[in-house]
Amino acid sequence: MRKYNVAIAGATGAVGEELCRVLKDLDFPVGELFPLASAKSVGMEVEFKNKNYKVLELTQSVFAEKEIDIAFFSAGGSVSAHFVPFAAEAGAVVIDNTSHFRMDEDVPLVVPECNPDDIGAWKNKGIIANPNCSTIQMVQVLKPLDDVFDIKRVDVSTYQAVSGAGKEGMEELVKQMQDFFAFRLSESKHEKFQHQIALNVIPHIDVFMDNDYTKEEMKMVNETQKILNKNIEVSATCVRVPVLRSHCEAISIHFNNSVDAAKAREVLRAAPSIVIVDDPSKNEYPMPVISTDTDETYVGRIRKDLYRDNVLHLWCSADQIRVGAATNAVRIAKKWIELEG
């Protein structure tokens, strides 16, 4: 099998570190690995397959110099905006984990379980966009149900872990909990989040837009429509919760056809990357402690609406650093190799 020279821009961040683990776990055909980051991280090391690799500086020329075949970007939107064009121009296929290119009509936005054929559009600009973490786990659930029951509208409330805000988000929660047990929580600072996150929930992720939805919520609206290639109605409420890892979502789905909960379970059980955990009699349902450090989206609490024959409610949980970022990116790359490489 051909091997590919792989670069990871943002290699020292939470998603960058997870990318190294996922590349190993999914047995990706890596030839040479080039971890990239800002100048302040140069000289640090990342581990991949029991070997340490020194971090190189992310520059405009590094992709051509190192003959990069595939470049994963997870270093922030402004970094992608500046450096991705240089990577693509050097001949690398770029898989970008930021929001910068997601709604570009010439850039495919891909969840391989949902729209693998869109990958072919990478040739437009040399870029494939990785969706928002909350969008990924939701559309993995929506796609198979849409194929059978025809979705009309989706209402979703997210319960998003602090690691969605990076290492600093996790550190802030841990520090505040330490301060709580030391009886000084009132003195604890909050810098990454708008309010104290320990022992609290914050119905505010990203900035508010003119329509009073947040940018995070509008990402879910717009990205879902692009991935499913369908103008369905979507409304989202995104909430930060004091959990270290794995996002959860409560989803209400309105269909154009009547829906049966048992049939929906069968459809989801047969869908790729979905695991059904749904036995209320045994208190079995998806939770972060189940989904963390896995590559699947867990679905449960599947039930029909009490009043409407065409509405289904369910709950899902997925590790947003893996499923919602690193794993989806690597799956995109593997599918690209299968289709185009």
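As a starting point, this report considers the structure included with it. Fair warning: this is a prediction, and the values are worked out from it, not measured in the lab.

## So, the overall build of the protein chain
- What the protein chain contains, in helices and strands, is nine helices and 14 strands.
- In terms of C-alpha radius of gyration, the protein chain reaches 20 Å, essentially the compact-globule figure of 20 Å for 341 residues.
- Along the first, second and third principal axes, the C-alpha atoms of the protein chain reach 60 × 55 × 40 Å.
- Counting over 341 residues, the protein chain shows a buried share of 54%.
- Partitioning the intrachain contacts of the protein chain with sequence separation of at least 6 by distance along the chain shows that 67% fall at a separation of at least 24.

## So, the side chain of Glu216
- Mapped onto the secondary structure, Glu216 falls in helix H6 (residues 215-228).
- Judged by relative accessible area, which is 6%, Glu216 ranks as buried.

## Examining the packing of helix H1 (residues 14-25) against helix H9 (residues 322-339)
- The N-to-C vectors of H1 and H9 enclose an angle of 50 degrees; their axes lie 9 Å apart at closest approach. Taken together, the axes of H1 and H9 are oblique relative to one another. For the pair H1 and H9, the sense of crossing is right-handed. Contacts between H1 and H9 involve Val15, Glu18, Leu19, Arg21, Val22, Leu23 and Asp25 from the former and Arg322, Ala325, Ala326, Thr327, Ala329 and Val330 from the latter.

## Comments concerning the pattern of salt bridges
- Applying the stated criterion across every chain yields a total of 27 salt bridges.
- Among the ionic pairs, Asp155 bridges to Arg153, the shortest N-O distance being 2.9 Å.
- Among the residues examined, Asp155 registers a relative accessible area of 23% and is labelled partly exposed.
- One connected set of salt bridges, linked through shared partners, spans Glu18, Arg21, Asp25, Arg245, Asp293, Asp295, Asp319 and Arg322.

## Details of a nonpolar patch on the surface
- Judged by side-chain polarity, Phe180, Phe181 and Leu199 come together as a nonpolar surface patch covering roughly 330 Å² of accessible area.
- By secondary structure assignment, the location of Phe181 is in helix H5 (residues 167-181).

## Brief notes about the sheet that holds strand E8 (residues 127-129)
- Ordered by their spatial adjacency, six strands build an open sheet running E5-E2-E1-E6-E7-E8, and the pairing between neighbours is parallel. Bordering the open sheet on either side are strand E5 (56-57) and E8, each of which pairs with just one other strand.
- Looking at chain direction, strand E2 (residues 30-37) and E5 are connected through two bridges and run parallel. Its bridge partner lying in E5, Ala37 is registered against Glu57.
- H1 contacts strand E1 (4-9), E2 and strand E6 (70-73) of the sheet and is inclined by roughly 155 degrees relative to E1.
- Strands in contact with helix H3 (residues 77-89) are E6, strand E7 (93-96) and E8; relative to E7, the strand with the most contacts, it is inclined by about 155 degrees.

## A look at the environment of Asn200
- Within the secondary structure layout, Asn200 lies in the loop between H5 and H6.
- Looking at Asn200, its side chain comes within polar contact range of the main-chain oxygen of Gln196, at 2.8 Å.

## Considerations on the pairing of E6
- Of the two faces of E6, the one holding Ile70 and Phe72 and the one holding Ala71 and Phe73 are both buried throughout.
- Pairing analysis gives four bridges linking E1 to E6, with the strands arranged parallel. Looking across to E6, one finds that Ile8 is bridged to Phe72.
- Pairing of E6 with E7 involves four bridges; the strand directions are parallel. Residue pairing in the sheet places Ile70 in a bridge with Val93 of E7.
- At this point the chain moves from E6, through H3, to the parallel E7, and the crossover so formed is right-handed.

## A word on the sheet that holds strand E13 (residues 297-304)
- Within the open sheet, the six strands sit side by side as E10-E9-E11-E14-E13-E12. Their pairing is mixed. Strands with a single pairing partner mark the edges of an open sheet, and in this sheet they are strand E10 (233-240) and strand E12 (274-276). Between one strand and the next, the sheet's axes are offset by a mean angle of 25 degrees, whatever the strand orientation.
- Relative to E13, E12 runs parallel, the two being bridged by three bridges. Its bridge partner being in E13, Ile274 is matched across the sheet by Thr297.
- Contacts from helix H4 (residues 133-149) reach strand E9 (151-160), strand E11 (247-255), E12, E13 and strand E14 (311-318) within the one sheet, and its direction differs from that of E11 by about 30 degrees.

What counts, and at which threshold
- Residues numbered from 1 in each chain as written.
- Predicted model: local features only at pLDDT ≥ 70, side-chain atom pairs only at ≥ 80, totals over all residues.
- Heavy atoms only, no water.
- Helix = DSSP H or I, 4+ residues; strand = E, 2+ residues; numbered from the N terminus.
- Rg over C-alpha atoms; globule rule 2.2 N^0.38 Å.
- Buried < 20%, exposed > 50% of the residue type's maximum accessible area, 1.4 Å probe, protein only.
- Contact = heavy atoms within 4.5 Å.
- Axes fitted to C-alpha atoms, helices over the stretch in contact; angles between N-to-C directions.
- Parallel < 35°, antiparallel > 145°, perpendicular 65-115°, else oblique.
- Left-handed = near helix turned anticlockwise from the far one by under 90°.
- Salt bridge = Lys/Arg side-chain N within 4 Å of Asp/Glu carboxyl O.
- Patch = residues over 30% accessible without salt bridge, like charges linked within 9 Å, V, L, I, M, F, W, Y side chains within 5 Å.
- Areas by Shrake-Rupley, 256 points an atom, 1.4 Å probe, with all protein chains shown as cover.
- Pairing = 2+ DSSP bridges.
- Polar contact = N/O pair within 3.5 Å; in protein donor to acceptor, adjacent residues only side chain to side chain.
- Right-handed = clockwise from strand over helix to strand, strands pointing away.

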